[in-house]
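Chains, contacts and geometry: an overview
What follows is the residue order along each chain.
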Amino acid sequence: MEKIFNFENPNLWSHHTESIMNKYIDERILKELFELANKDYRCIEIEDIYKFTTNNIFTDIEEYIRQNNCYIILYHGTATNSIKSYLDKGLYILNSDEKNKYARELFNQQEFPELTDDKFNTAIKEHLNYLGMEYREKRISFMTHKQHLLENETHYLVYGSEYIFILAQRLGYQSILKQKLKPTLLTCKVPLKLLNNEFMEMVITNIIVKYVENIIYPEEIYKNDAEIYINSNLEARYIIKYEHPKNIISTKFL
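Now for a description of the structure that goes with this document.

Okay, the overall build of the protein chain next. Of regular secondary structure, the protein chain possesses 13 helices and six strands. Judged by the C-alpha coordinates and their principal axes, the protein chain covers about 70 × 40 × 35 Å. Residue burial in the protein chain is summarised as follows: out of 254 residues, 48% are buried. Within the protein chain, counting contacts between residues at least 6 apart in sequence, those at least 24 apart form 85% of the total. Within the structure as shown, the protein chain displays about 13,900 Å² of accessible surface, and the carbon and sulfur contribution to it stands at 48%. Taking the 31 positively charged and 37 negatively charged side chains of the protein chain as two groups, their mean positions are separated by 5 Å.

Our next topic: the pattern of salt bridges. For the structure on display, the rule yields eight salt bridges. Arg104 is paired through a salt bridge with Asp117; the nearest N and O atoms lie 2.8 Å apart. Separated by 13 residues along the polypeptide, Arg104 in helix α6 (residues 96-106) and Asp117 in helix α7 (residues 117-128) bring together distant segments of the chain. Note that Lys146 and Glu243 form a salt bridge whose closest N and O atoms lie 3.0 Å from each other.

So, on to helix α2 (residues 27-40). In an α-helix, one turn spans 3.6 residues, which is why side chains three or four residues apart end up on the same side. Between its first and last C-alpha atoms α2 spans 20 Å; for 14 residues at 1.5 Å apiece the expected length is 20 Å, and the two agree. For α2, the set of buried residues is Ile29, Leu30, Leu33 and Ala37. Taken down its axis, α2 places every buried residue within 100 degrees of arc, on the same side. Exposed and facing more than 90 degrees away from the buried side of α2 are Glu27, Lys31 and Lys39. Those residues of α2 hidden inside the fold are in contact with α1 (10-24), α3 (46-50) and α13 (197-216). Residue Tyr41 follows α2 closely and has a positive phi angle near 50 degrees.

This next bit is on the packing of α6 against helix α11 (residues 162-171). Two elements in contact, α6 and α11, have axes whose closest approach is 10 Å; the angle formed by their N-to-C orientations is 50 degrees. As far as their axial angle goes, α11 and α6 are oblique. As α6 packs across α11, the resulting crossing turns out to be right-handed. Here α6 contributes Ser96, Lys99, Asn100, Tyr102, Ala103 and Leu106 to the contact with α11, which in turn contributes Tyr163, Ile164 and Leu167.

Within α11, seven of the 10 residues are buried, leaving the element largely enclosed by the surrounding structure. Those residues of α11 lying buried are Tyr163, Ile164, Phe165, Ile166, Leu167, Ala168 and Leu171. Gly172 occupies a position one or two residues after α11 and carries a positive phi of about 80 degrees.

Time to look at the pairing of strand β4 (residues 182-191). Looking down a regular strand, the side chains alternate between one sheet face and the other. Most of β4 sits out of view: nine of its 10 residues are buried. Two elements, β4 and strand β6 (residues 239-243), share four bridges in a ladder whose sense is antiparallel. Bridge pairing links Leu186 to Tyr242 in β6.

Backbone geometry at Asn247 places phi at a positive 55 degrees, although glycine is not the residue there. With respect to the helices, strands and loops of the structure, Asn247 is situated in the segment after β6.

Cut-off values and rules
- Residues numbered from 1 in each chain as written.
- Predicted model: local features only at pLDDT ≥ 70, side-chain atom pairs only at ≥ 80, totals over all residues.
- Heavy atoms only, no water.
- Helix = DSSP H or I, 4+ residues; strand = E, 2+ residues; numbered from the N terminus.
- Buried < 20%, exposed > 50% of the residue type's maximum accessible area, 1.4 Å probe, protein only.
- Contact = heavy atoms within 4.5 Å.
- Areas by Shrake-Rupley, 256 points an atom, 1.4 Å probe, with all protein chains shown as cover.
- Lys, Arg positive; Asp, Glu negative; His and termini not counted.
- Charge placed at Lys NZ, Arg CZ, Asp CG, Glu CD.
- Salt bridge = Lys/Arg side-chain N within 4 Å of Asp/Glu carboxyl O.
- Expected span 1.5 Å × (residues − 1).
- Arc of directions from axis to C-beta.
- Axes fitted to C-alpha atoms, helices over the stretch in contact; angles between N-to-C directions.
- Parallel < 35°, antiparallel > 145°, perpendicular 65-115°, else oblique.
- Left-handed = near helix turned anticlockwise from the far one by under 90°.
- Pairing = 2+ DSSP bridges.

Okay, structure coming up:
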């Protein structure tokens, strides 16, 4: 049986981590954290928890997760005109040549006669010099909670990749993306071995915070969320579900 960790089902994992948590967090600490959050009208942060305990809680939870899980459920939001490409090839770290070819297919000269090759290639050259594109080229982004993508990061579902969107902005065609692409949400089981130390640390931090939240905010579906990156391709076999959400309105780039 595959060992898969899922943030969104704390009832499946919280009882396994309870004995660890109880070593560091008692009723008095939970009460103080609850009062702190209510006083400041904010979510609990890992720094709040560390005020009452030690880093050993992190080490113990990390050891448990690594020993008992091979994968973690993460969500990737995009917009596409071909779900088949994801199901056949999986998710790839950004390749500017491939993205440029895809953009030219979307904004082809037959449909957009004013977009000559010279104009398109000039936009590409400016685009590749855009601050931050080098950073974007080496990662695939995921969210730990599906609802966060559906409510707070919907621009990915409306416009797709930031690379394509920013290029479309330069060309003045960003509205065309909404017409040509379908909102697509991918549920993935990402091997833990693909997470570098920084993002594994974020995962463990969120587990600790989520555990506390589940106790002091039992009525909430979710509070804490994290954006997790991997720096390698994700094979298609790790995409376990896809869906096309309806009536998505972008929270950015309107």
